Amino acid sequence: MNLSSRNLKLIIGVFYLLILFFGLYYLFSLIDLRDLTSYEFIKSNKEIIIDYKNNNFLFLTIIFFLFSIVWYLLLGFASPILLFSGFVFGKWYGIIIAVVSASIGTTLLYLLAKLFFTDLIKEKLEPKFSSLKLAFQKNEFLYFTLFRLGGGGGIPYAIQNLLPVLFNISIKNYFLGTFIGSWPTMFISVALGAGIEKYIETNEKLSLVNIILSPDIYLPILGFIFMLLVGFVIKKLFFKKIK
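Residues numbered from 1 in each chain as written. Predicted model: local features only at pLDDT ≥ 70, side-chain atom pairs only at ≥ 80, totals over all residues. Heavy atoms only, no water.

Caption draft 1: The overall build of the protein, seen in detail. Counting its regular elements, the protein contains 14 helices and zero strands. If you list the helices and strands of the protein from N to C, you get α-α-α-α-α-α-α-α-α-α-α-α-α-α. Scored against the burial criterion, the 243 residues of the protein give a buried share of 40%. When contacts within the protein are restricted to residue pairs at least 6 apart in sequence, long-range pairs at least 24 apart make up 80% of them. As displayed, the protein has an accessible area near 14,400 Å², and 71% of this comes from carbon and sulfur atoms. (Helix = DSSP H or I, 4+ residues; strand = E, 2+ residues; numbered from the N terminus. Buried < 20%, exposed > 50% of the residue type's maximum accessible area, 1.4 Å probe, protein only. Contact = heavy atoms within 4.5 Å. Areas by Shrake-Rupley, 256 points an atom, 1.4 Å probe, with all protein chains shown as cover.)

Caption draft 2: Looking closely at helix α5 (residues 78-89). Here α5 spans 16 Å end to end across 12 residues, near enough to the 16 Å set by a 1.5 Å rise per residue. Of all the positions in α5, only Ala78, Ile81, Leu82, Ser85, Gly86, Phe87, Val88 and Phe89 are classed as buried. Note on α5: the residue one or two positions beyond its end, Gly90, has a positive phi of about 85 degrees. (Expected span 1.5 Å × (residues − 1).)

Caption draft 3: Structural context of the packing of helix α9 (residues 140-149) against helix α11 (residues 171-181). Axis separation between α9 and α11 bottoms out at 8 Å; the angle between their running directions is 35 degrees. α11 is crossed by α9, and the crossing has right-handed handedness. Judged by residue contacts, Glu140, Phe141, Phe144, Thr145, Arg148 and Leu149 of α9 engage Asn173, Tyr174, Leu176, Gly177, Thr178, Ile180 and Gly181 from α11. The residue makeup of the contact of α9 with α11, split by class, is six nonpolar, five polar and two charged. (Axes fitted to C-alpha atoms, helices over the stretch in contact; angles between N-to-C directions. Left-handed = near helix turned anticlockwise from the far one by under 90°. Nonpolar A, V, L, I, M, F, W, Y, C, P; charged D, E, K, R; others polar.)

Caption draft 4: Region of interest: the environment of Lys172. Note on placement: Lys172 falls in helix α11. Each C-alpha atom of the pair Lys172 and Thr107 lies 9.0 Å from the other, and the pair is 65 residues apart in sequence.

Caption draft 5: Just unusual backbone geometry, in detail. Phi at Leu75 is positive, roughly 65 degrees, even though this residue is not glycine. The residue Leu75 is located in the loop between α4 (57-73) and α5 in this model. Residue Leu75 is classed as partly exposed on the basis of its relative accessible area, which comes to 30%. A positive phi angle, near 55 degrees, is found at Asn168, a position not held by glycine. Turning to its location among the elements, Asn168 is positioned in the loop between α10 (157-162) and α11.

Caption draft 6: Highlighting the layout of surface pockets. Here the second largest pocket is characterised by a volume of approximately 650 Å³. Forming the boundary of the second largest pocket are 28 residues, of which Gly151, Gln160, Thr185, Ser189 and Phe224 lie nearest the centre. Mapped onto the lining of the second largest pocket, the elements with two or more residues apiece are α5, α10, α12 (183-202) and α14 (215-238). It is α14 that provides the largest number of residues to the lining of the second largest pocket, a total of eight residues. Class assignment of the residues belonging to the lining of the second largest pocket gives a composition of 16 nonpolar, 10 polar and two charged. (1 Å grid on protein atoms, 1.4 Å probe; cavity = no way out; pocket = protein on both sides within 12 Å on 5 of 7 lines; lining within 4 Å. Points joined across faces, edges and corners; volume = space filled by probe spheres on them.)

Caption draft 7: Spotlight on α9. Burial within α9 is extensive, with seven of its 10 residues counted as buried. By the burial criterion, the buried members of α9 are Glu140, Tyr143, Phe144, Thr145, Leu146, Phe147 and Arg148. Immediately downstream of α9, the backbone of Gly151 shows phi near 70 degrees, a positive value.

The values are spatial; any link to function lies outside them.
Structure representation (structure tokens):
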């Protein structure tokens, strides 16, 4: 790689990091975290959002879909997108939006990371995750799909998305592994978001007892616990440390 190519990659990489920084700064400057913990605030704005969705369904779907792709491209974590997707669009339509946008957004992130940040990622992550390399070399599609299915073994989502850079898996296997392996874990969070919307719709006041007893809430939570166990089993069976 010649010097001019290195300089171009460095410039684009720095530009990407600046966009990430200022984008997150702008986003959090618009959000008052105290409002997000206010039941009255959430309930009143829920009605505005749902009414807007009902009147502008296609437009809101496209905007949210594109926003989700950019969110993942900027190293965003999955939970807000999944909960909002279920909250606004419901379980079934919401999971389709969530999985497809995550598959596209994280694949674009993977391409970007491979192109501009391979050395940095190897420096930071390879010492901790080098033991997985042999497993991915055996069958990268199978093991990456299992990795997604098991929720990445508890690894933060942004790091999950960057980790395959160490193993240089193909773009096709990255996309398909994400698309196929993400449905169970993402559906749980989307269903929880839909359950929260249903609870707010039918309850004027917040009650911890009612939340616990609501099947729309506790079933996704039980599903989350089950997927943690699945992830633990997958990790033990397929991702044993290679000595």
